[in-house]
Amino acid sequence: METRKKKLPIGIENFEEIRKEDFYYIDKTGLIVELLYNWGAVNLFTRPRRFGKTLNMSMLEHFFSITGDKGIFDGLEISKEAALCEEYMGKYPVVSVSLKGIDAGAFETAYQMAVNVVTEAAAKFYFLLDSEKLNDYDKAEYKCLLDKNMNEGILNGSLRRLSGMLEKHYGKKVILLIDEYDVPLAKAHANGYYNQMTTLIRSLLGEALKTNSSLKLAVLTGCLRISKESIFTGLNNLKVLTIADERFDECFGFTDNEVKALLEYYSVADHDAEVKRWYNGYQFGNVEVYCPWDVLNHCDRIRSNPNAQPENYWINTSSNDAVKRFLEQSANAATKREIESLVAGGAITKEIHQELTYEEMYQTIDHMWSLLFTTGYLTQRGRAEGRKMKLAIPNLEIRDIFVTQIMEYFKENVQEDGNMLNRFCDALKNGNTQDVEKIFTEYLRKTISIRDTAAKKEMKENFYHGVLLGILGVKNRWGISSNREMGEGYADLLVEPDTQDVGIIIEVKYAHDGNLDAACKEALEQIEYTKYEDDLADDGVEKIWKYGIACYKKRCRVMRF
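Residues numbered from 1 in each chain as written. Predicted model: local features only at pLDDT ≥ 70, side-chain atom pairs only at ≥ 80, totals over all residues. Heavy atoms only, no water.

Asker: I keep staring at the overall build of the protein chain and nothing clicks. Help me out?
Answerer: Scanning the protein chain from N- to C-terminus turns up 23 helices and 15 strands. A total of 561 residues make up the protein chain; the buried ones form 56% of that total. Considering only intrachain contacts with a sequence separation of at least 6, the fraction spanning at least 24 residues in the protein chain is 72%. Within the structure as shown, the protein chain displays about 24500 Å² of accessible surface, and the carbon and sulfur contribution to it stands at 44%. Charged side chains in the protein chain number 72 positive and 86 negative. The centres of these two groups are separated by 4 Å. (Helix = DSSP H or I, 4+ residues; strand = E, 2+ residues; numbered from the N terminus. Buried < 20%, exposed > 50% of the residue type's maximum accessible area, 1.4 Å probe, protein only. Contact = heavy atoms within 4.5 Å. Areas by Shrake-Rupley, 256 points an atom, 1.4 Å probe, with all protein chains shown as cover. Lys, Arg positive; Asp, Glu negative; His and termini not counted. Charge placed at Lys NZ, Arg CZ, Asp CG, Glu CD.)

Asker: Can you walk me through the packing of helix α12 (residues 272-279) against helix α13 (residues 292-304) in this structure?
Answerer: A packed helix pair is summarised by two numbers, namely the angle formed by the two axes and the spacing between the axes. Interhelical geometry of α12 versus α13 gives an angle of 145° and a closest axis separation of 11 Å. The handedness of the crossing between α12 and α13 is right-handed. Of α13, the residues touching α12 (which contributes Glu-274, Val-275 and Tyr-279) are Asp-294, Val-295, His-298 and Ile-302. (Axes fitted to C-alpha atoms, helices over the stretch in contact; angles between N-to-C directions. Left-handed = near helix turned anticlockwise from the far one by under 90°.)

Asker: So what exactly am I meant to see when it comes to the packing of aromatic side chains here?
Answerer: This structure, assessed with the given rule, holds 29 aromatic pairs. Taking 6.2 Å as the distance between ring centres and 75° as the angle between the ring planes, the aromatic pair formed by Phe-127 and Tyr-170 counts as edge-to-face. Taken together, the positions of Phe-127 in the loop between α5 (107-123) and α6 (136-144) and Tyr-170 in helix α8 (residues 158-170) put the pair 43 residues apart, joining distant regions of the chain. By way of ring pairs, the aromatic residues Phe-15, Tyr-25, Trp-39, Phe-63, Phe-64, Phe-73, Tyr-88 and Tyr-92 are connected into one cluster. Between the NZ or CZ atom of Lys-7 and the centre of the ring of Phe-23, over which it lies, the distance is 4.5 Å. Against the face of Trp-293 rests Arg-50, its NZ or CZ located 3.8 Å from the ring centre. (Phe/Tyr/Trp six-rings, centres within 6.5 Å; stacked < 30°, edge-to-face > 60°. Lys NZ or Arg CZ within 6 Å of the ring centre and 35° of its normal.)

Asker: Explain the pairing of strand β9 (residues 379-385) here, please?
Answerer: Residues in a regular strand point their side chains to alternate faces of the sheet. Note: β9 against strand β10 (residues 388-392), four bridges, orientation antiparallel. Each bridged residue has a counterpart across the sheet, and for Glu-385 the counterpart in β10 is Lys-388. With antiparallel pairing between neighbouring strands as the criterion, β9 and β10 make up a hairpin whose turn holds two residues, including Gly-386 at a positive phi of roughly 65°. (Pairing = 2+ DSSP bridges.)

Asker: What's the story with the nonpolar core in this structure? I'm lost.
Answerer: Nonpolar side chains in soluble globular proteins tend to be buried together. By size, the foremost hydrophobic cluster in this structure holds 147 residues, and its most contacted members are Phe-63, Phe-64, Phe-73, Met-197 and Leu-209. The dominant element in this core, judged by the number of residues it contributes, is α5, at nine residues. Apart from residues no more than four positions distant in its own chain, Phe-64 is found in contact with Leu-36, Tyr-88, Gly-90, Lys-91, Tyr-92, Val-94, Ile-175 and Leu-217. If you look at the next biggest cluster of nonpolar residues, it comprises 41 residues, including Phe-410, Val-436, Val-495 and Tyr-552. (Core = buried A, V, L, I, M, F, W, Y, C linked by side-chain atoms within 4.5 Å.)

Asker: Even after reading the chapter, I still don't get the packing of α8 against helix α10 (residues 194-209), so can you show me in this structure?
Answerer: At a closest axis distance of 7 Å, the pairing of α8 and α10 adopts a crossing angle of 25°. Relative to α10, α8 is oriented roughly parallel. In contact with Ser-158, Leu-159 and Arg-160 of α8, α10 contributes Leu-204, Glu-207 and Ala-208. Here the contact of α8 with α10 is composed, by residue class, of three nonpolar, one polar and two charged. (Parallel < 35°, antiparallel > 145°, perpendicular 65-115°, else oblique. Nonpolar A, V, L, I, M, F, W, Y, C, P; charged D, E, K, R; others polar.)

Asker: Honestly, the pairing of strand β14 (residues 543-552) in this entry has me stumped. Any pointers?
Answerer: Among the 10 residues that make up β14, nine are buried, leaving the element largely enclosed by the rest of the structure. Note that strand β13 (residues 502-510) and β14 share nine bridges and pair parallel. Looking across to β14, one finds that Glu-507 is bridged to Gly-548. Where β14 lies against strand β15 (residues 555-560), six bridges are found, and the strand directions are antiparallel.

Asker: Mind showing me how you'd approach the sheet that holds β10 here?
Answerer: Pairing between the strands of a sheet is mediated by backbone hydrogen bonds and can be parallel or antiparallel. Across the sheet, which stays open at both edges, the three strands sit in the order β8-β10-β9 with antiparallel pairing between neighbours. In this open sheet, the two strands that pair with only one neighbour each are β8 (348-351) and β9. Strand after strand, the sheet turns through a mean of 30° between neighbouring axes, direction not considered. The sheet contact formed by β8 and β10 spans four bridges and is antiparallel. From the neighbouring strand, Thr-349 faces β10, where its bridge partner is Lys-390.

Purely geometric stuff here, so don't read any function into it on its own.
Here you go:
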């Protein structure tokens, strides 16, 4: 009988729970060693979402905290560092807060959420009310930190004041952990109260990190490095560790060896190549890493169903707004070509600015390249030369997000070309092959095409099929069937104009060798072979146009009989 395997920690962000409840854990305690040996008083880690930031913060909290069971570190890498563990493990009061949940449509609600974060953090230390080290004034101050109606002055100084009380009680300086510090700023920018939230976060962090004499060490995480002028004004002891930094490069995300060991443990090692193609490819510093969220989710799927195909687990965890907004800005031909090159598996060189504010992110297309890089939609290839970096789409999963958003963008904007598309539909209905070919070619030149060299032929045909479907959608009174069962096979597209005297069958082929004529003939032969027209004839349609449409990159050929 097979030994019962450890549980997969999907969505588990509490380090103690993972260690005590028999979850599989990929050892990232090397982060603690590196943090203590390469000392920085205030450390900011910027990583894309779903790369284990919160779990690592939970690990730091459990390591340093005076309370809690330190046995959860037994057998892990950090346990080999006897001197470090002796000096730091379980020796400090820890204040740990997450700003991840501050997500509101208005500043007043967001402010109340920030107050709740602080009162919950303060409530963990309720014993301070009985502390012999604190005087009556200190205890009155502490009660203010439990008040849900605290004013902005008290909120701004709350983390600094709490640190001071803990230092008094324990006689030890404080470790401060702030997870996802920039989420409130992202939400504020999206909802129109950015300046108010910037002022609040700047004051809260300024007092906690800059004027806090009780601070031993602080660690912050976020998606973006917000420019120093905006949030971290005057904070001279800030060490920023971005995805481009070779320090801590293996501490977030899974390495190739870690993923191989995981797949081996769950007896799904034969899926290694597909997991690599879909979820690897992010370059942090000098190391290529996988997105942990995807690896764990896919491993879970293939354990129960070995035939399960890779899918996009990332797309549902965010709006993917960065890609959407980027495509909306990509009207010029040069940017279109660059996007097409990226989707085709190529790399492009851009100057990257990692220290933007949320207000600046969408201002120019140049800033948006930087945003796509810092949020994980693009990754570095090779070494940077100053600010210049070679950028590429990391893997098939992120490519799938680009393709999905490109098609969505195409569908949303298709109505803008109403005149051109109506001419296309009229030519199609009238059997005017020359105009169908001319207008479709013209339209392909305008769109962002998807011609990934790694994609299968069917995938490429699906793109052109989707474009045709989008164009025909302008005729909302026409009957359009996609891949409908007809005769002895499936027609790519069956079109029934509202006049009902004409039926149109379209078969799309991708000319992978560039021979458009041969692909067109193959499409027409398929229509003949499968007898698609029999169903239309049975319905009394007298005139049936059968079109073969062959595409290659931005060229097409149209034939009919």
